[in-house]
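Given next are the chains, with one letter for each unit.
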Amino acid sequence: MSPAFLDAIALTHRPDLDVLFLRWPQPVYAMTPREVYMQVLELAQQTNARYWLFDIRSRGPLSETDMEWVKQVFYPALHGQIDRIIYVAYLMTPGHAEDAATIAHASELRQKEWYGQSVDFEGFTSEVDALLWLKRCQLAEVVG
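Attention in this report is confined to the structure presented alongside it. Note that the coordinates shown come from a computational prediction; the quantities given were computed from them, not determined experimentally.

**Things to note about helix α4 (residues 100-109)**
Part 1 of the argument: For α4, every residue scored as buried is listed here: Thr102, His105, Ala106 and Leu109. Looking straight down α4, one finds its buried side chains confined to an arc of 100 degrees; they lie on one side.
Part 2 of the argument: Those residues of α4 hidden inside the fold are in contact with α2 (64-81), α3 (94-98) and β6 (119-124).
Part 3 of the argument: Two to three positions downstream of the cap, the backbone nitrogen of Ala101 sits 3.3 Å from a side-chain oxygen, assigning the N-cap of α4 to Asp99.

So, in structure tokens, the structure goes:
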């Protein structure tokens, strides 16, 4: 599949890696994060992609409202949309990865009932490390 450029994002599925890539090359202005996430879900359903890499280094922070929507609506609804667990590798800047609010938010999300059931995620500052984690997730499903 060729990349879909939706104003401020690049959304691509790489069948050779079995990874769906979402890249925000700039802060989101033309589309709301909700619209972007729904485009991700649509492509994931079309391609059966369950391993996602979200490059959010240039996106900027989500609003509190959008963060609540991701936490309370998007992630919990994935199980009904895709019947197997989704693995999301977040590619972040070092400052974002070390931010106390980001760390606290990730810890809070890991306490949700859907974590590990419909979604698993990790944060990375290296794309290589993010892709290696996704590959380990793929291999664990084959072996396990």
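From this point, things continue past the structure.
**As for the pairing of strand β4 (residues 51-55)**
Part 1 of the argument: In terms of burial, β4 is largely enclosed, as five of its five residues are buried.
Part 2 of the argument: In β4, alternate side chains face the same way, and those of Tyr51, Leu53 and Asp55 on one face and Trp52 and Phe54 on the other are all buried.
Part 3 of the argument: Taken together, the four bridges between strand β3 (residues 19-23) and β4 define a ladder with parallel strand orientation. Counterpart to Leu20 in the pairing with β4 is Trp52.

**So, the environment of Gln45**
Part 1 of the argument: Position of Gln45 among the secondary structure elements: in helix α1 (residues 33-47).
Part 2 of the argument: The spacing of Gln45 and Ile82 is 37 residues in sequence and 7.0 Å in space, taken between C-alpha atoms.

**Digging into α1**
Part 1 of the argument: Here α1 contains 15 residues, and its C-alpha end-to-end distance of 21 Å stays within 8% of the 21 Å for a straight helix at 1.5 Å per residue.
Part 2 of the argument: Looking one or two places after α1, you find Asn48, whose phi comes out positive at around 60 degrees.

**Details of the packing of aromatic side chains**
Between two aromatic rings, the relevant description is the distance of the centres plus the angle of the planes.
Part 1 of the argument: The final tally for this structure, using the stated rule, is 16 aromatic pairs.
Part 2 of the argument: Centre to centre, the rings of Trp24 and Tyr37 are 6.2 Å apart; their planes meet at 45 degrees, and the pair counts as tilted. Of this pair, Trp24 sits in the loop between β3 and α1 while Tyr37 sits in helix α1; the two residues are 13 residues apart in sequence, bridging distant segments of the chain.
Part 3 of the argument: An aromatic cluster of at least three residues, connected via ring pairs, comprises Trp24, Tyr37, Trp52, Phe54, Trp69, Phe74, Tyr75, Tyr90, Trp114, Tyr115 and Phe121.
Part 4 of the argument: The ring of Trp24 has Arg59 sitting right over it, with the charged end atom 5.2 Å from the ring centre.

**Let's talk about the packing of α1 against α2**
Part 1 of the argument: Relative orientation of the contacting elements α1 and α2 amounts to 15 degrees, with a least axis distance of 11 Å. Compared by their axis directions, α1 and α2 come out roughly parallel. Like other packed secondary-structure pairs, α1 and α2 cross with a definite hand, here right-handed. For the pair α1 and α2, contact is made by Pro33, Arg34, Tyr37, Met38, Leu41 and Gln45 and by Thr65, Asp66, Trp69, Val70, Phe74, Leu78 and Gln81, respectively.

**Digging into the environment of Leu78**
Part 1 of the argument: Mapped onto the fold, Leu78 is located in helix α2.
Part 2 of the argument: Taking C-alpha positions, Leu78 is 11 Å from Asp120, a pair spaced 42 residues apart along the chain.
Part 3 of the argument: Setting aside anything within four residues of it in sequence, one finds Leu78 in contact with Leu41, Trp52, Ile86 and Val119.

About the thresholds
- Residues numbered from 1 in each chain as written.
- Predicted model: local features only at pLDDT ≥ 70, side-chain atom pairs only at ≥ 80, totals over all residues.
- Heavy atoms only, no water.
- Buried < 20%, exposed > 50% of the residue type's maximum accessible area, 1.4 Å probe, protein only.
- Helix = DSSP H or I, 4+ residues; strand = E, 2+ residues; numbered from the N terminus.
- Arc of directions from axis to C-beta.
- Contact = heavy atoms within 4.5 Å.
- Polar contact = N/O pair within 3.5 Å; in protein donor to acceptor, adjacent residues only side chain to side chain.
- Pairing = 2+ DSSP bridges.
- Expected span 1.5 Å × (residues − 1).
- Phe/Tyr/Trp six-rings, centres within 6.5 Å; stacked < 30°, edge-to-face > 60°.
- Lys NZ or Arg CZ within 6 Å of the ring centre and 35° of its normal.
- Axes fitted to C-alpha atoms, helices over the stretch in contact; angles between N-to-C directions.
- Parallel < 35°, antiparallel > 145°, perpendicular 65-115°, else oblique.
- Left-handed = near helix turned anticlockwise from the far one by under 90°.

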